[in-house]
Amino acid sequence: MHWTKSKSFAIGGNDGSSLVASIKEKLIKNWFVIGIGVVILLAKTNPDIGRKGGPLKPEITIKYIAVSVIFFNSGLSLKTEELKKALMKIQLHAFIQIFTLLFTPCFMWVLLKFLADFNINSYLLQGLQVVSCMPPPVSSAVIYTKTVGGNDAAAIFNSAFGSFLGIIVSPMMVFLFVGSSAAVPFIDIFTSLCMTVVVPVILGQVRFS
């Protein structure tokens, strides 16, 4: 009888260890999503820390340093052959850019026509339309792709190419759907994208040359 109790206790202990290991594995696997939630909660607690001009200086640390580090790391982790293969996937690139820069704003326009019948602030609806016209996100697209084990090389190319393409396409789509326009600093945006996306990837690839 004493042996049976000890055995049961041992089994229970193994079950507990398995549960802890399973939870730990899920936390590690979903660290990025969990991290976003934690950061949002921290930002809600003290938003002044991350505001423009605040202690963290996001206009520098996020816009330039963090994005450059992400793409430099991507350049380090990818072989040049993988990037070359990704460049040749023309159909994939065309689908992503058409979906992002054409389908998404058109779909949002149809959706907002439906939402216009409800008592929703018109500025909010207009803002959603403007956001839908924006190019693919530069850094988060790459991080999300890495998190789910997707094609890193294709994500890097489409993030960079979509951002460059968006310099021209996005203002046109905003004018088409919203009817407003503004001066776009093409040279500044182009230079910023080159310095934070293209150059870090090239520097990361140097170790494979």
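So, here's what we can say about the structure. (Residues numbered from 1 in each chain as written. Predicted model: local features only at pLDDT ≥ 70, side-chain atom pairs only at ≥ 80, totals over all residues. Heavy atoms only, no water.)

**With respect to the packing of aromatic side chains**
The geometry of an aromatic ring pair is captured by two quantities: the separation of the ring centres and the angle between the planes.
Inference 1: Throughout the structure, instances matching the rule amount to 6 aromatic pairs.
Inference 2: On the basis of an interplanar angle of 25 degrees and a centroid distance of 5.0 Å, the ring pair of Phe99 and Phe103 is categorised as stacked. On the criterion of helical spacing, the pair formed by Phe99 and Phe103 is a turn pair, its members being 4 residues apart in helix α5 (residues 90–115).
Inference 3: Judged by relative accessible area, Phe103 falls into the partly exposed class, the value being 43%.
Inference 4: For the ring pair Phe114 and Phe118, a centre distance of 5.4 Å and an interplane angle of 65 degrees mean the geometry is edge-to-face.
Inference 5: Look at Phe118 and you get partly exposed, because its relative accessible area is 46%.
Inference 6: Taken together through their ring pairs, the aromatic side chains of Phe95, Phe99, Phe103 and Phe107 make up a single cluster. (Phe/Tyr/Trp six-rings, centres within 6.5 Å; stacked < 30°, edge-to-face > 60°. Helix = DSSP H or I, 4+ residues; strand = E, 2+ residues; numbered from the N terminus. Buried < 20%, exposed > 50% of the residue type's maximum accessible area, 1.4 Å probe, protein only.)

**Examining the side chain of Gln205**
Inference 1: Within the element layout of this structure, Gln205 appears in helix α9 (residues 186–205).
Inference 2: A distance of 2.7 Å separates a polar atom in the side chain of Gln205 from the backbone oxygen of Gly75.
Inference 3: Dropping the residues within four chain positions of it, Gln205 is found in contact with Gly75, Leu78, Lys79, Thr80 and Leu83. (Polar contact = N/O pair within 3.5 Å; in protein donor to acceptor, adjacent residues only side chain to side chain. Contact = heavy atoms within 4.5 Å.)

**Some remarks on helix α6 (residues 122–132)**
Given 3.6 residues to a turn, an α-helix orients residues that are three or four positions apart in the same direction.
Inference 1: Regarding α6, the residues found buried are Leu125, Gln129 and Ser132. Burial along α6 is one-sided: seen end-on, the buried residues are contained in an arc of 65 degrees. Across from the buried face of α6, at angles greater than 90 degrees, the exposed residues are Tyr123, Leu124 and Val131.
Inference 2: Where α6 begins, one side-chain oxygen reaches toward the backbone nitrogen of Tyr123, 2.7 Å away; that side chain belongs to Asn121. (Arc of directions from axis to C-beta.)

**Concerning the nonpolar core**
Inference 1: Core analysis: the biggest nonpolar cluster contains 13 residues, and Phe71, Leu78, Leu83, Ala153, Ile156, Val197 and Val201 have the highest contact counts within it.
Inference 2: Where this core is concerned, the elements lending two or more residues are α3 (58–77), α4 (80–87), α8 (152–177) and α9.
Inference 3: Among the elements that line this core, the one with the most residues is α8, at 4 residues.
Inference 4: Formed by 6 residues, the second largest nonpolar core is a distinct cluster that contains Leu101, Val169, Val174 and Phe177. (Core = buried A, V, L, I, M, F, W, Y, C linked by side-chain atoms within 4.5 Å.)

**Description of the environment of Leu128**
Inference 1: Tracing the backbone through its elements, the reader meets Leu128 in helix α6.
Inference 2: Since its relative accessible area comes to 35%, Leu128 is described here as partly exposed.
Inference 3: Taking C-alpha positions, Leu128 is 7.6 Å from Met108, a pair spaced 20 residues apart along the chain.
Inference 4: Excluding residues that lie within four positions of it along the chain, Leu128 makes contacts with Met108 and Leu112.

**Notes on a nonpolar patch on the surface**
Inference 1: Together, Phe95, Phe99, Phe103, Phe107, Leu111, Phe114, Phe118, Ile120, Leu124 and Leu128 make up a nonpolar patch on the protein surface, roughly 970 Å² of accessible area in all.
Inference 2: Elements supplying a minimum of two residues to the nonpolar patch: α5 and α6.
Inference 3: It is α5 that contributes the most residues to the nonpolar patch, 6 residues altogether. (Patch = residues over 30% accessible without salt bridge, like charges linked within 9 Å, V, L, I, M, F, W, Y side chains within 5 Å. Areas by Shrake-Rupley, 256 points an atom, 1.4 Å probe, with all protein chains shown as cover. Salt bridge = Lys/Arg side-chain N within 4 Å of Asp/Glu carboxyl O.)

**Remarks on the pattern of salt bridges**
Inference 1: Inspection of every chain in the model, using the stated rule, returns 1 salt bridge.
Inference 2: The salt bridge involving Arg51 is made with Asp48; its shortest N-O contact spans 3.8 Å.
Inference 3: With a relative accessible area of 47%, Asp48 lands in the partly exposed category.

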